[in-house]
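# Close look at the chain arrangement
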Amino acid sequence: MKSKYLNLQEEKHNIKCKLYTQDNGATNNIVLFCHGFAGHKDSKAAERLANKLISKNKNFALLAFDFPCHGDDVKKNLNLDDCITYFSIVIDKAKTTLGAASLFVNATSFGAFLVLKYISENENPFEKIVLRSPAVDMYKVMSSTLITDEISEKLKKGKVVPVGFDRKVNIDQQFLDDLQNTKLLERDFMDYADDMLIIHGTADELAPFSDAKFLSEENVIDFIPVEGADHRYKDLKKLEYANAMAVDFYGL
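## So, the pattern of salt bridges
According to the stated counting rule, one finds 15 salt bridges in the structure shown. Across the salt bridge formed by K41 and D66, the nearest N and O atoms sit 2.8 Å from each other. Of this pair, K41 sits in the loop between strand 3 (29–34) and helix 1 (44–56) while D66 is found in the loop between strand 4 (60–65) and helix 2 (80–96), placing the two residues 25 residues apart along the sequence. D66 matches K41 in its accessibility class, with the two residues each being buried. The closest approach of N and O atoms between K117 and E121, which form a salt bridge, is 2.9 Å. Taken as a pair, K117 and E121 lie in helix 3 (residues 110–121) at a separation of 4 residues, close to a single helical turn. Overall, the relative accessible area of 11% leaves K117 in the buried class. One continuous salt-bridge network, built from bridges that share partners, spans K18, K41, D42, D66 and D72.

So this is what it looks like as structure tokens:
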């Protein structure tokens, strides 16, 4: 397996990406990797999935990319419209610039939230969709883990505030309002259910297991609980299991 950095550009947007391929550089089939909140394209989770994926099939590649305000991206303040724009550009360029005949997606946490938002508001461009530890109600996740009373007061006063875990991302009140108004649990995903898989740890301390299970049951989506797995899958054996389930679902 080899990897390289590349930029996907359209008008004023310059999206930082990392492409994993076999040594032959084949990109016939590309899995888009969507990181979580305050994550980045260089995550070890992306690399581990790429290793598992590419070792199984020489015609597959994995493309990880930075969402706005994440990783090496230069935008200053996060908003959902920019996230969806980046997602649309990466989908288009994966086909036109990289020559992918088929697209798949593997998304975690906030990235999974964005995938669900995208396919519920646009056509579904993916052959198969795997969501690991999806933050189905991202507003609830943010409010319960990152938005303290002090931060809330600053946001209400119109300030931009950095929030996150190891890394920080600038958000404003509009971003939180948009999250709250998305309401993915009220949306219908039945048309995509046959091509979707949700994998969620039973010990997830950030994104509620119950929300992911509810979404899967309401839409008849395949659901795999990973016993004892936390949000970040610190137990690498559990992460390897989740990756194996994803690769199997892609049909490899």
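## Let's talk about the packing of aromatic side chains
Counted according to the given criterion, the structure contains 12 aromatic pairs. Where F37 meets F110, the ring centres are 5.8 Å apart and the plane angle is 80°; that geometry is what we call edge-to-face. Residue F37 is found in the loop between strand 3 and helix 1, and its partner F110 is found in helix 3; the two are separated by 73 residues along the sequence. Of the residues examined, F37 reaches a relative accessible area of 10% and is grouped as buried. Judged by its relative accessible area of 0%, F110 is buried.

## Details of the side chain of H35
With respect to the secondary-structure elements, H35 resides in the loop between strand 3 and helix 1. In this structure the side chain of H35 is engaged in a polar contact, spanning 3.1 Å, whose partner is the backbone nitrogen of F67. Excluding residues within four positions of it along the chain, H35 makes contact with H40, K41, F65, D66, F67, H70, T108, F110 and G111.

## Looking at the layout of surface pockets
Here the largest pocket is characterised by a volume of approximately 700 Å³. G36, F37, G39, S43 and R232 are, among the 30 residues lining the largest pocket, the residues nearest its centre. Elements that contribute at least two residues to the lining of the largest pocket include exactly helix 1, helix 4 (138–145) and helix 8 (236–249). Taken together, the residues of the lining of the largest pocket break down into 14 nonpolar, 9 polar and 7 charged.

## Description of helix 6 (residues 173–182)
Of the positions making up helix 6, those classed as buried are F175, L176, L179 and T182. Down the axis, helix 6 shows its buried residues gathered within 120° of arc, on one side only. In the core, the buried residues of helix 6 are packed alongside helix 2, helix 3, helix 4, helix 5 (149–156) and strand 8 (168–171). Two or three places before Q174, at the start of helix 6, stands the capping residue D172, its side-chain oxygen 3.2 Å from that residue's backbone nitrogen. K183 sits one or two residues past helix 6 and shows a positive phi near 50°.

## Regarding the pairing of strand 9 (residues 196–201)
The buried fraction of strand 9 amounts to 6 of the 6 residues, a majority that puts the element mostly inside the structure. Going residue by residue along strand 9, you find M196, I198 and H200 tucked away on one face and L197, I199 and G201 tucked away on the opposite face as well. Where strand 6 (residues 129–132) meets strand 9, 4 bridges bridge the pair, whose relative direction is parallel. Residue pairing in the sheet places I129 in a bridge with M196 of strand 9.

## Focus: the packing of helix 1 against helix 8
Packing of helix 1 against helix 8 leaves a shortest axis separation of 10 Å and a crossing angle of 45°. Taken together, the axes of helix 1 and helix 8 are oblique relative to one another. The two elements helix 1 and helix 8 meet at a crossing, and its hand is right-handed. Facing helix 1, whose interface residues are R48, L49, K52, L53 and K56, helix 8 presents L236, L239, E240, N243, A244 and V247. For the contact of helix 1 with helix 8, the per-class residue count stands at 6 nonpolar, 1 polar and 4 charged.

## Brief notes about the sheet that holds strand 3
The pairing of strands in a sheet comes from backbone hydrogen bonds and takes either a parallel or an antiparallel form. The sheet built from 8 strands is open, its strands ordered 1-2-4-3-5-6-9-10 with mixed pairing. The strands lining the two open edges of the sheet, one partner per strand, are strand 1 (2–10) and strand 10 (222–226). The sheet shows a mean angle of 20° between the axes of neighbouring strands, taken without regard to direction. Pairing of strand 5 (residues 102–108) with strand 6 involves 4 bridges; the strand directions are parallel. What sits directly across from V105, in strand 6, is I129. Helix-sheet contacts for helix 1 involve strand 2 (13–21), strand 3, strand 4, strand 5 and strand 6, and the interaxial angle to strand 4 is about 170°. On the sheet, helix 8 packs against strand 5, strand 6, strand 9 and strand 10 and is oriented at approximately 175° with respect to strand 9.

Conventions adopted
Residues numbered from 1 in each chain as written. Predicted model: local features only at pLDDT ≥ 70, side-chain atom pairs only at ≥ 80, totals over all residues. Heavy atoms only, no water. Salt bridge = Lys/Arg side-chain N within 4 Å of Asp/Glu carboxyl O. Helix = DSSP H or I, 4+ residues; strand = E, 2+ residues; numbered from the N terminus. Buried < 20%, exposed > 50% of the residue type's maximum accessible area, 1.4 Å probe, protein only. Phe/Tyr/Trp six-rings, centres within 6.5 Å; stacked < 30°, edge-to-face > 60°. Polar contact = N/O pair within 3.5 Å; in protein donor to acceptor, adjacent residues only side chain to side chain. Contact = heavy atoms within 4.5 Å. 1 Å grid on protein atoms, 1.4 Å probe; cavity = no way out; pocket = protein on both sides within 12 Å on 5 of 7 lines; lining within 4 Å. Points joined across faces, edges and corners; volume = space filled by probe spheres on them. Nonpolar A, V, L, I, M, F, W, Y, C, P; charged D, E, K, R; others polar. Arc of directions from axis to C-beta. Pairing = 2+ DSSP bridges. Axes fitted to C-alpha atoms, helices over the stretch in contact; angles between N-to-C directions. Parallel < 35°, antiparallel > 145°, perpendicular 65-115°, else oblique. Left-handed = near helix turned anticlockwise from the far one by under 90°.

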